[in-house]
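Below are the chains, spelled out letter by letter.
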Amino acid sequence: MASTSITCISSILADLQALENDYPEFPNWPQQYLRRMRHMLRYLRTFLLCAIKYSNGDVQLLFDNKKNQANNHHASLEALAVRIGEAIPKWAKEIQSSDQPWKVVHDLEKDMESFEQEICEWYVFFLGSSSRQSSNSVVRKDDLMEFMDSLLENLVNYLPRSRLPHQVGLIKALEEKLAFMKNFIRFLTLHGVANTELGPLLVHTEAVAINAAGLSYKFQFKKGFGSPKDIKENISELPQKIIPVEPQVLDTCIQALAASKLSRQSYGDTDERILRDFYHSLLRNLWEKLKHGTCPVILRQLQMFYEGLNSLRTILKEKPKEFNEKVRDPTRVVKCYGGDFISPLSLNAIKDGIQAKDMDIVCSELSEIIKLINAVITEKCPESSSFTFPTTNGLGFVDSLLEKMMDVTSSEAGSIALIDHPIQKVQEVLVCLRSLLWKIVELQNEDEEVQAIWNRIVGVAYRIELFIDSLITGNILDSSSMSIHSILEEMNIIEAAALKICDSERLGGKVSEVTKRFNHMPQEGSKPIVNDLVVGFEDETASIINGLRNGSRQVKIVSIVGMPGCGKTTLARKVYNDSSVKSHFYERAWCTVSQIYQKRNLLLQILTCIESKLPEEVFKMGEEDLALQVKRRLLKNRYLVVLDDVWDIDAWNGLEASFPDDGNGSRVILTSRLRGVAPQAKLDHEPYSLPQLTPNETWDLLKGKLYPGQDLAPPELCEIRQQVVEMCQGLPLTVVILAGILSRMDRYGWKEAVEGLSSRNVSSTEQCTATLELSYKHLPDNLKACFLYFGAFPEDHEHNTRRLISLWVAEGFVQKTQLKRSEDVANDYLMELISRSLVIVSKPRSIDGVKACRIHDLLYEFCVTKAKEEKLLQRVRRYDDLSAFTLPCYLRRLCIIDSKVEHFDNLRLFSPAIRSLLLFSHDEDSNSFDLRFIFHIIKLVKVLDLSQIGLDPFPREVELLVHLRYLAILGRGKISLPSSVCNLPNLETLIWRNSSTHRSVSLPDTVWNLKKLRHLQLIDEVDKHYCFFFPRDNLDNSSQLRDLDFLSCLSLDPEENISKLLRKFPNIRKLRCSVNLKPDVQYHVAMDCLSQLESLSLSCVIYGGGRYQLDFQFPLTIKKLTLSYFRLPWSKMAAIGNLPNLEVLKLLKQAFEGEIWEMEVEKFPKVRFLKLASLNIVKWTASSEYEYEDQYYFPRLQKLVLDRCGALQEIPSCLGNSYALEIIEVSKCPSCTSSLEEIQEEQRSNGNTDLKILIS
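Residues numbered from 1 in each chain as written. Predicted model: local features only at pLDDT ≥ 70, side-chain atom pairs only at ≥ 80, totals over all residues. Heavy atoms only, no water.

Enquirer: A description of the overall build of the protein should follow, citing residues and the corresponding values.
Expert: Scanning the protein for helices and strands turns up 44 helices and 34 strands. Out of the 1256 residues in the protein, the part that is buried amounts to 55%. Taking the intrachain contacts of the protein between residues at least 6 apart in sequence as the baseline, contacts between residues at least 24 apart amount to 72%. Accessible surface computed for the protein: about 53,700 Å², of which carbon and sulfur atoms make up 48%. (Helix = DSSP H or I, 4+ residues; strand = E, 2+ residues; numbered from the N terminus. Buried < 20%, exposed > 50% of the residue type's maximum accessible area, 1.4 Å probe, protein only. Contact = heavy atoms within 4.5 Å. Areas by Shrake-Rupley, 256 points an atom, 1.4 Å probe, with all protein chains shown as cover.)

If you want it as structure tokens, here you go:
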């Protein structure tokens, strides 16, 4: 009966899986029910497989409880099997006959509940019976393997009844140990070990498997014996019991390994899978021992052994046919010592340390094994054993290495580490090789022989870096190829070959030919033209705007669909920013969804658009409360919400409840590549499927991008008009990218470039990729690395430019010059990428700058693919198969997207050569990562971004990362920076990000040791008042942070000696401070000692009520000034108004107080941007005494922003004489309309008809 029931269950499971596969459009809840049904049936099948062993007779269940014995004396295993057997056909029939088969789950759950108590009791009986078996009892291996396969399927698909991470972790540990035992037994069988030789091992494995099945059943369904706490404790103890420790079982393992046969005629597909599974389990088992080991010598040997095994597994996975007789010899040795790793000796050796003699034996044996593995890898998969390096930005890397070598040899730590090595000679030869690189840079991708030499020079440079950095950390990675003498010998050979090529006559001609085809870098000081030209879609734009403003009073969706790069987002943005649309809707919000999203983040995006300054408690809310907040803020308002880049209907389903329908004509715009993501009932119009650009529109877009504002194009462009039109196939993104290419080429090379592309007969998307490939080819080498680095982040990620620039600098992508700071050079790189239409400005600065940027989806996909191809970086996502993922041996940079603890553990990050690790997570507060062990491995890392994952506690092992340049961490409730962070001698960027706990942070005394620090930032999305408290004690004897360029946010107490603290940052240019004041005190804040300061943001924190007296003394170098919460009288404006270099002035949130601001002597001679926000001002005038002097007020003002100044009635009419004024933006200032009209009329009378006044 049990066997029949198992067959029937398997059939039902197959039907349910087919049903889910056939109907993927099912909403989530039916699919969840189907998965729940399969889950219950799998557990039932596992029980029946276990019951088969005991179903030969009418076995009576023995009860300790007399009442149970009386009530259940007729209970028997056969009777339970019969009842289950009768229920299963009923379920099968209902599933097959029902139109909604997921509803059968209620009957199934009810029947399962009636079985649960008995199943738990039977598991107790099975375990007792199995435990009482002698080691010589007969256990059928095939039945045991089938039972374990079923059990492991349950554990892999475990459905936690709560989101507590420890539940998943316990089940995962149990699953890994059981999988190891199963794969170990199959591995032995594959190598000829008979069942009779495995007796004790099979008996032991059966007992732990039955125990695991029973405990996991109770843990899953929470029925049967024992409290959930007791069950959890039993499960947590079980993994330690799985690996055998009984002498008889261990002897069986060792004898079985010794008896396994070496020679086999062939390996079939099943055999290869068994081998891969065993290596996979062995690696997982070994990884756990590495994580918890403490004996340094053994650990280092085991790390090398792990690396070799991992490479061997890669061969089995990617090149199974290479697994021949030669490979099996070392595999046998690995197999034997892999078995030895489960012995108590190895466990004790790793955990507690062993005697020196035994340790020498273990290390010697491991070294032999490692040599054998490496020999196989070198022969069968040489590319996996060879030293690999990025093929991008080779010249820039050599430059940064030479600078590093000078720095290291001059430092005390570096000199000690390198004392026995002729680094000076290496440096001299590398300088020569670098000069040769410069000679052949133009031919790098044009000549095969030159390219080969280029690769050899760059490759040896990477080896030098690895050697030096490894010496400094005391950890040589590859002793066989990392001697300084072998490196020098190779450099001399390369130098001779390079000189031969450079002396050849053909080189000069080829360089000239290549150089004239395109220019490399913009001239110094050039700025990008941010050209938001939109061509085409006039009919669609008019129709969409009409549909938004008219039609149904109910909430309706406007859907815009089309292929990538066709202009969906551009059209939506054009409509969203249309003045008639702005005035029609009371609330507008833009939300970028993307393929991977979190509902909570989408809701926060919408709320941030509605109200830029959200209360702190909003960021602490869960999804349900945030959804309610969105609904409340949209309620009774006519709103427009844009959902950009939607991939499935679930996004709409998850947000719909937050969009109230008040019958006032609210609208939602939805853009997608797919037509079916918007519900038909909500559509106000058939989805707008964007057409291709017409030939004339294509031409207008290209011409407008290259020559904005000009009607005539040069003949060189007109000559290629037809080819461009045919090549771009009406796809706007292709036109924009092509314009970026041509803008950086000599116009006489345009025809050749376009002809090379137009010869391809491919789809428009493929043509766009081909155009992008050409654009990438024409990038200077250092810009290539910066561009591809966008692939290190999640899709649709908006990049804060300061942070992005700090990453580029830390990565070594930025060439250092004596005339410019690295940040300025990196900013030029970004501007160049924007000019080439490869990067999009998402948030411009007030003037001349970019606050945030992003790249298009197609460009992002290109960056991800190309970065991996050129070995610059590798991206891993949470839903990738991490357990089967193999990290390259010399992986340079790893970026893990949407990381969770369990997925990170599955990755088993073993990459000692890694230089950059970036972890991104949507759920930063859910659980904590333990990276202490990882820090022992990645000692060479330079860039470490942990700002989205919790580390609790913060690992002191960060001190091991002496090469670290960039560190971003998540606060997670801490109030002080760990002192270990301040022991990092090379740290340049330190970012502290507050999570749900918002507070200021104290810095330790050791912060003054960070002499290379350039960027120090505390990020708090909720409240920008939180700041760093610097140590004030012993400032006279503390070092200056001379390289510090950016600091946000510094706590200042004017009652102390502010100047003494500020002089610790002599070269700072950008500073944000929080000034702590007390009432009834007179303060003088002197900041003029900061002679390099350009940008200053000051915010006031007042302790208690009352007034205070405050005077500022600002540096004359300031270009941007932001003030908030000071409540200063307008008479204090004199200290600001005549700053000679001030270009941007923002007075926000009670910065000044008083109804009348009368401008007098302050003229604001260079101010180009002025913002007044949340002030109680009523009249803003210019004094008649000064108004008609030679110089007007704000003579260079370009943009004026007035926001939430509800009482403001009068604006100075003299602004009508500001000849540079371009735009006035007014929001929620209802009383100043007449003043604005006067200013506009005055501007018109002076000939300026282009002044824009936008009122919302």
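Enquirer: Go over the sheet that holds strand S3 (residues 639-646) with me, naming the residues and quoting the values.
Expert: Spatially, five strands are ordered S2-S3-S4-S1-S5 in an open sheet, and the strand pairing comes out parallel. Every other strand in the sheet has two partners, leaving strand S2 (587-592) and strand S5 (688-689) as the edge strands with one partner each. Here six bridges tie S2 to S3, and the two strands are oriented parallel to one another. Each residue of the ladder has a partner; that of Ala589, found in S3, is Val641. (Pairing = 2+ DSSP bridges.)

Enquirer: So what about the packing of helix H35 (residues 781-788) against helix H37 (residues 822-835)? Which residues, and what values?
Expert: Two elements in contact, H35 and H37, have axes whose closest approach is 10 Å; the angle formed by their N-to-C orientations is 80°. Classed by the angle they form, the pair H35 and H37 counts as roughly perpendicular. Here H35 contributes Asn782, Leu783, Cys786 and Phe787 to the contact with H37, which in turn contributes Tyr829, Glu832 and Leu833. Residues belonging to the contact of H35 with H37 are distributed by class as follows: five nonpolar, one polar and one charged. (Axes fitted to C-alpha atoms, helices over the stretch in contact; angles between N-to-C directions. Parallel < 35°, antiparallel > 145°, perpendicular 65-115°, else oblique. Nonpolar A, V, L, I, M, F, W, Y, C, P; charged D, E, K, R; others polar.)

Enquirer: So what's going on with the sheet that holds strand S6 (residues 799-800)? Which residues, and what values?
Expert: Read from one edge to the other, the open sheet built from three strands follows the order S6-S8-S7, with strand pairing classed as antiparallel. A single partner strand is all that each edge strand has here, and the edge strands are S6 and strand S7 (840-844). As defined by bridge partners, S6 adjoins strand S8 (residues 850-854) across two bridges and the pair is classed as antiparallel. In the strand pairing of S8, Asn800 is matched with Ala852.

Enquirer: Talk me through the pairing of strand S13 (residues 943-946); I want residue IDs and the actual numbers.
Expert: Burial along S13 is two-sided: Val943 and Asp945 and Leu944 and Leu946, pointing in opposite directions, are all buried. Across three bridges, the pairing between strand S11 (residues 916-919) and S13 is parallel. Following the sheet pairing, Ser916 is matched in S13 by Val943. Inspection of the sheet shows S13 paired to strand S15 (residues 966-970) by four bridges, in the parallel sense. When the sheet's bridge partners are listed, Leu946 is paired in S15 with Ile969.

Enquirer: Describe the environment of Val460, and please don't skip the residues or the numbers.
Expert: By secondary structure assignment, the location of Val460 is in helix H20 (residues 448-473). You can call Val460 buried: its relative accessible area is 0%. Ignoring sequence-local partners within four residues, the contact set of Val460 consists of Leu433, Ile487, Glu490, Met491 and Ile494.

Enquirer: Tell me what's going on with the pattern of salt bridges, and back it up with residues and numbers.
Expert: Across all of its chains, the model carries 40 salt bridges by this definition. In this structure, Glu465 and Lys942 form a salt bridge, with 2.7 Å as the shortest nitrogen-oxygen distance. Remark: Lys942 occurs in the loop between helix H40 (932-937) and S13 and Glu465 occurs in helix H20; sequence separation between them is 477 residues. Comparing Glu465 with Lys942, the two get one shared label, buried. A salt bridge links Asp824 to Arg1069; its shortest N-O distance comes to 2.8 Å. In this pair, Asp824 is assigned in helix H37 and Arg1069 in the loop between helix H41 (1058-1062) and strand S21 (1070-1077), connecting sequence segments 245 residues apart. On the basis of relative accessibility, which here comes to 6%, the residue Arg1069 falls in the buried class. Shared partners join several salt bridges into a network, and the residues in it are Lys404, Glu465, Asp469, Arg892, Arg915 and Lys942. (Salt bridge = Lys/Arg side-chain N within 4 Å of Asp/Glu carboxyl O.)

Enquirer: Outline the nonpolar core, supporting the account with residue identities and numerical values.
Expert: Phe1030, Leu1071, Phe1126, Trp1180 and Phe1194 are the most contacted members of the largest nonpolar core, which has 115 residues in total. Here Trp1180 is in contact with Trp1157, Met1159, Leu1170, Leu1172, Phe1194, Leu1200, Leu1202, Leu1208, Glu1210, Ile1211, Pro1212 and Leu1215, once residues within four sequence places are set aside. By size, the runner-up hydrophobic cluster in this structure holds 97 residues, among which are Ile544, Val642, Ile737 and Ala739. (Core = buried A, V, L, I, M, F, W, Y, C linked by side-chain atoms within 4.5 Å.)

Enquirer: Outline unusual backbone geometry, supporting the account with residue identities and numerical values.
Expert: Glycine aside, a negative phi is what most residues show, and trans is what most peptide bonds show. The omega torsion across Ser1048 and Cys1049 is 10°, close enough to zero to call that bond cis. On the secondary structure map, Cys1049 appears in strand S20 (residues 1046-1052). With a phi angle near 65°, Gln1150 is a residue other than glycine that sits in the positive phi range. Along the chain, the position of Gln1150 falls in the loop between strand S27 (1144-1148) and strand S28 (1152-1153). Even without being a glycine, Phe1194 presents a positive backbone phi close to 50°. By secondary structure assignment, the location of Phe1194 is in the loop between helix H43 (1184-1187) and strand S32 (1199-1203).

Enquirer: I'd love a proper account of the environment of His799, names of residues and values included.
Expert: Relative to the helices and strands, His799 resides in strand S6. Contacts of His799, omitting those with residues within four sequence positions, involve Phe790, Phe793, Leu804, Lys851, Ala852, Cys853 and Arg854.

Enquirer: Which residues make up helix H27 (residues 623-634), and what values do they have?
Expert: Helix length check: H27 (12 residues) gives 17 Å between terminal C-alpha atoms against 16 Å at 1.5 Å per residue, within 8%. Contacts from the buried residues of H27 go to S2, helix H26 (599-610) and S3. Just downstream of H27, Lys636 is the residue with a positive phi angle, here 65°. (Expected span 1.5 Å × (residues − 1).)

Enquirer: Explain the packing of aromatic side chains to me, using residue names and the numbers behind them.
Expert: Tallied over the entire structure, the rule returns 30 aromatic pairs. Each ring, one from Phe1112 and one from Phe1114, has its centre 5.0 Å from the other, and the planes form 15°; the classification is stacked. For the residue pair Phe1112 and Phe1114, the accessibility class agrees, reading buried in each case. Taking 5.4 Å as the distance between ring centres and 90° as the angle between the ring planes, the aromatic pair formed by Phe1112 and Phe1126 counts as edge-to-face. With Phe1112 in strand S24 (residues 1109-1113) and Phe1126 in the loop between strand S25 (1120-1124) and strand S26 (1128-1129), the pair connects residues that are 14 residues apart, well separated along the chain. The residues Phe1112 and Phe1126 share a single accessibility class, namely buried. One aromatic cluster is present, formed by Tyr43, Phe47, Trp122, Tyr123, Phe125, Phe126 and Tyr217 through successive ring pairs. (Phe/Tyr/Trp six-rings, centres within 6.5 Å; stacked < 30°, edge-to-face > 60°.)

Enquirer: Provide a residue-level description of the confidence of the model for the protein, including the pertinent values.
Expert: Segments scoring low in pLDDT should not have their predicted coordinates read at a detailed level. Here the protein shows a mean pLDDT of 78. Residues at 70 or above account for 74%. Contacts of residues 56-74 to residues separated by more than four positions or lying in other chains number 20 contacts, the stretch itself having pLDDT below 50. (pLDDT = per-residue confidence, 0-100.)

Enquirer: Hey, could you go over the packing of helix H36 (residues 801-811) against H37 for me, with residue numbers and the actual values?
Expert: At a minimum axis separation of 9 Å, H36 and H37 run at an interaxial angle of 110°. In terms of their interaxial angle, H36 and H37 are classed as roughly perpendicular. The interaxial crossing formed by H36 with H37 has right-handed handedness. Touching Thr801, Ile805, Trp808 and Val809 of H36 are Ser822, Glu823, Ala826, Asn827, Tyr829, Leu830 and Leu833, all from H37. Class assignment for the residues of the contact of H36 with H37 results in seven nonpolar, three polar and one charged. (Left-handed = near helix turned anticlockwise from the far one by under 90°.)

Enquirer: Provide a residue-level description of helix H31 (residues 721-728), including the pertinent values.
Expert: Along an α-helix, residues three or four positions apart point the same way, because every turn accommodates 3.6 residues. Where H31 is concerned, the buried positions are Val724, Val725, Met727 and Cys728. Where H31 terminates, the next one or two residues include Gln729, which has phi positive at roughly 50°.

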